[in-house]
Amino acid sequence: MWDALQLEFMRNAVAAGLLVSLVCGILGTLVVVNRIVFISGGIAHAAYGGIGLALYLGVSPTVGATLFSIAISMVMGIASIKSKERADTFIGVMWALGMASGIIFTELTPGYNVDLMSYLFGSILTVPISDLWYMLCLDFVVLLFVFFFYKELVAMSYDEEFCFVAGIPVRVFYFVLLGLISLSVVMIIRVVGLILVIALLTIPPFIAEKYTASLGKMMGLACLLSILFTLAGLWLSYQLNLASGATIIMVAGVGFFLSLAIDALAGKRRQATDR
Amino acid sequence: MAQAVSHNPEPSASSPYAIEVEGVSFSYERTEVLKDVSFRLKQGEFLGIIGPNGGGKTTLVKLMLGLLRPDRGKIRILGEEPNTASRRVGYVPQSMDLSRAFPISVMDVALMGRLSRARMGKRYSRADEDKARQVLQKVGMWDHRHRLMGKLSGGQKQRVFIARALATDPEILFLDEPTASVDPEFQVNLYDILQELNKEVTIVVITHDIGVVSAYMKSIACVNKHFIFHEGSQITQEMIDMAYQCPVDLIAHGMPHRVLPIHKEE
């Protein structure tokens, strides 16, 4: 591992893994408890439309994906409020349209040469320094947001109607949350790719929820698990010469099923002692 | 400390009525749920709302809380718009709606009652914690304050939600089927707590339990798209006809002491 860290791209990859784990743990927790996993998946996939559009217009794909995914997250947010009944259908359609437009834009781009696979499955080994700065700023914004509005976020996630009655602007929080998710999705795409975003956003909080007694602790444990999965996946992919994004997700998946197995065993033991 | 500000059941200068509803209609999509509902409820009342499932009881409460807006008609709560009045109102929702897996302690739920727009972005204060302790003691849940909500029984959860509503220092307390998921012993217990509270607070409770209605409540209304209001706790034949499910409840688990009205102290 030490010799690997002599390489600059490896150091950047580790930094990216750490920085992204922080947003994954914090925002992922809010995604899981607010049950907006599907919207988050929709944002991640539709972001590809922004990448394609940016390539076509010749601007930075990161900027394109950021603006595009923010816009689309707001549209999805409005849809989820306006038509509660069919919101999932609407989000599914936006999901597909975003990806389709991304593919068409890249095709229309003269001298197309960008590696589509790197957006689909991530390329943590080629993260540029500018993206690390982006991640650092995002971590800072997310931390501030949660630090100041922790009690409102807990309350809103637990019982939105009660918060509304108490006069908390839950809609504003909802849209700010969607906006932050869009920003982080763009960063997570860098690490594991847009197809695998959901796994990194949801598996650590899912495991953490079972062993914690508050949302704050859940966020903390989810961050640690995310760091563990990302770094272990990175190391494995280096040793075994496998795709880094997919290896990270496989490690997280193993963690997911391990936690289910531990639960099942613990449940059995409890039954045995009850008897 | 500011003790339960202006909890006076006497008509206040601003409005003698806790609730004024005038010609309110409401539809979901194209289905009309409430039609031309009008009534006025004095402060200090204890109103029971009965009616069949899907009859519009919860919708009516959500309209009064400002969670929904009426298609037609006007609602005044304590003389204000429902949205502005909502900070003076406590709400106990149906508890089964909330996630069991969510990691939150009893104390944290009680503290939610201290949320306000004015103090957004700040931590809960010492006074907030004192208030939460006070209300948890009132419902007998203080000893359980560190436990997780997901690990509580239906009755215990309901007590915590009542504590949370009380922590808001409400002038009106709305409860949506507070005994739906609760053991029978706690039902009686709960209504004793509510009756005690009613000395200071106007109470509106949705219930399926007609026995409880006649024993504890001062007035009663039946909602089934239309609205029949009756000051005094007798259930009229008209209500029974409208709320066809109520008599079923009466026979199904009416215990004698709950079917017969209890004589008031005065």
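Residues numbered from 1 in each chain as written. Chains lettered and ligands numbered in written order. Predicted model: local features only at pLDDT ≥ 70, side-chain atom pairs only at ≥ 80, totals over all residues.

**Here we look at the overall build of chain B**
Right, so step 1: Each helix and strand counted, chain B has ten helices and nine strands in total.
Right, so step 2: Among the 266 residues that make up chain B, the fraction classed as buried is 46%.
Right, so step 3: Contacts in chain B between residues at least 24 apart in sequence constitute 69% of all its contacts with a sequence separation of at least 6. (Helix = DSSP H or I, 4+ residues; strand = E, 2+ residues; numbered from the N terminus. Buried ≥ 20, exposed ≤ 12 C-beta atoms within 10 Å, placed from the backbone. Contact = placed C-beta atoms within 7 Å.)

**Describing the overall build of chain A**
Right, so step 1: Scanning chain A from N- to C-terminus turns up 13 helices and zero strands.
Right, so step 2: Reading the secondary structure of chain A in the N-to-C direction produces α-α-α-α-α-α-α-α-α-α-α-α-α.
Right, so step 3: For chain A, whose C-alpha radius of gyration is 19 Å, the value lies close to the compact-globule estimate of 19 Å for 275 residues.
Right, so step 4: Expressed along its principal axes, the backbone C-alpha trace of chain A runs to roughly 70 × 50 × 30 Å.
Right, so step 5: Expressed as a percentage of the 275 residues in chain A, the buried residues total 48%. (Rg over C-alpha atoms; globule rule 2.2 N^0.38 Å.)

**With respect to helix α4 (residues 126-138) of chain B**
All names here are of chain B.
Right, so step 1: The end-to-end C-alpha distance of α4 is 19 Å, a good match for the 18 Å that 13 residues give at a rise of 1.5 Å each.
Right, so step 2: Residues of α4 that are buried include every one of D128, K131, A132, V135 and L136, and no others. For α4, the arc enclosing every buried residue in end-on projection is 130°, short of the 170-degree limit, so these residues lie on one face. Exposed side chains of α4 directed beyond 90 degrees from the buried face belong to R126, A127 and D130. (Expected span 1.5 Å × (residues − 1). Arc of directions from axis to C-beta.)

**Considering the packing of α4 of chain B against helix α5 (residues 154-167) of chain B**
Residue and element names in this part refer to chain B.
Right, so step 1: At a closest axis distance of 9 Å, the pairing of α4 and α5 adopts a crossing angle of 135°. Classed by the angle they form, the pair α4 and α5 counts as oblique. As α4 packs across α5, the resulting crossing turns out to be right-handed. Here K131, A132, V135, L136 and K138 of α4 come into contact with α5, specifically with A163, L166 and A167.
Right, so step 2: Taken together, the residues of the contact of α4 with α5 sort by class into six nonpolar, no polar and two charged. (Axes fitted to C-alpha atoms, helices over the stretch in contact; angles between N-to-C directions. Parallel < 35°, antiparallel > 145°, perpendicular 65-115°, else oblique. Left-handed = near helix turned anticlockwise from the far one by under 90°. Nonpolar A, V, L, I, M, F, W, Y, C, P; charged D, E, K, R; others polar.)

**What about the interface of chain B and chain A?**
Right, so step 1: With 23 residues of chain B in contact, the opposing surface of chain A contributes 23 residues.
Right, so step 2: Among the elements of the structure, β5 (89-92) and α3 (106-112) of chain B are those that each provide at least two residues to the side of chain B that touches chain A.
Right, so step 3: Of the residues assigned to the side of chain B that touches chain A, the class counts are 15 nonpolar, five polar and three charged.

**Digging into helix α12 (residues 215-240) of chain A**
Right, so step 1: For α12 of chain A, spanning 26 residues, the distance from its first C-alpha to its last is 36 Å, which sits close to the expected 38 Å at 1.5 Å a residue.
Right, so step 2: Phi turns positive one or two residues past the end of α12 of chain A, at N241 of chain A, with a value near 60°.

**Some points on the nonpolar core**
Right, so step 1: The biggest cluster of nonpolar side chains holds 160 residues, and the ones touching the most others in it are A47, I188, V197 and L200 of chain A together with A110 and F174 of chain B.
Right, so step 2: For L200 of chain A, the contacting residues outside a window of four places in its chain are C24, I188, V192, S226, I249 and A252 of chain A. (Core = buried A, V, L, I, M, F, W, Y, C linked by C-beta atoms within 7 Å.)

**Observations regarding the sheet that holds strand β2 (residues 31-42) of chain B**
Residues and elements named next belong to chain B.
Right, so step 1: Reading across the sheet, the three strands line up as β2-β1-β4 and stay open at both edges, with antiparallel pairing between neighbours. Bordering the open sheet on either side are β2 and β4 (72-77), each of which pairs with just one other strand. Adjacent strand axes in the sheet meet at a mean angle of 20°, parallel and antiparallel pairs treated alike.
Right, so step 2: Sheet topology note: the strand β1 (residues 17-28)/β4 ladder contains five bridges and is antiparallel. The residue bridging I19 from the neighbouring strand is I77, located in β4. (Pairing = 2+ DSSP bridges.)

**Some thoughts on the packing of helix α2 (residues 8-33) of chain A against α12 of chain A**
Residue and element names in this part refer to chain A.
Right, so step 1: At their nearest, the axes of α2 and α12 sit 8 Å apart, and the two run at 140° to each other. Regarding the angle of α2 to α12, the classification is oblique. For the element pair α2 and α12, the recorded crossing hand is right-handed.
Right, so step 2: In the contact of α2 with α12, the residues fall into 16 nonpolar, seven polar and no charged.

**Considerations on the pairing of strand β7 (residues 202-206) of chain B**
All names here are of chain B.
Right, so step 1: Counted residue by residue, β7 has five buried out of five residues, so it is predominantly covered.
Right, so step 2: Relative to β7, strand β3 (residues 46-50) runs parallel, the two sharing four bridges. By the bridge assignment, G48 is partnered in β7 with V205.

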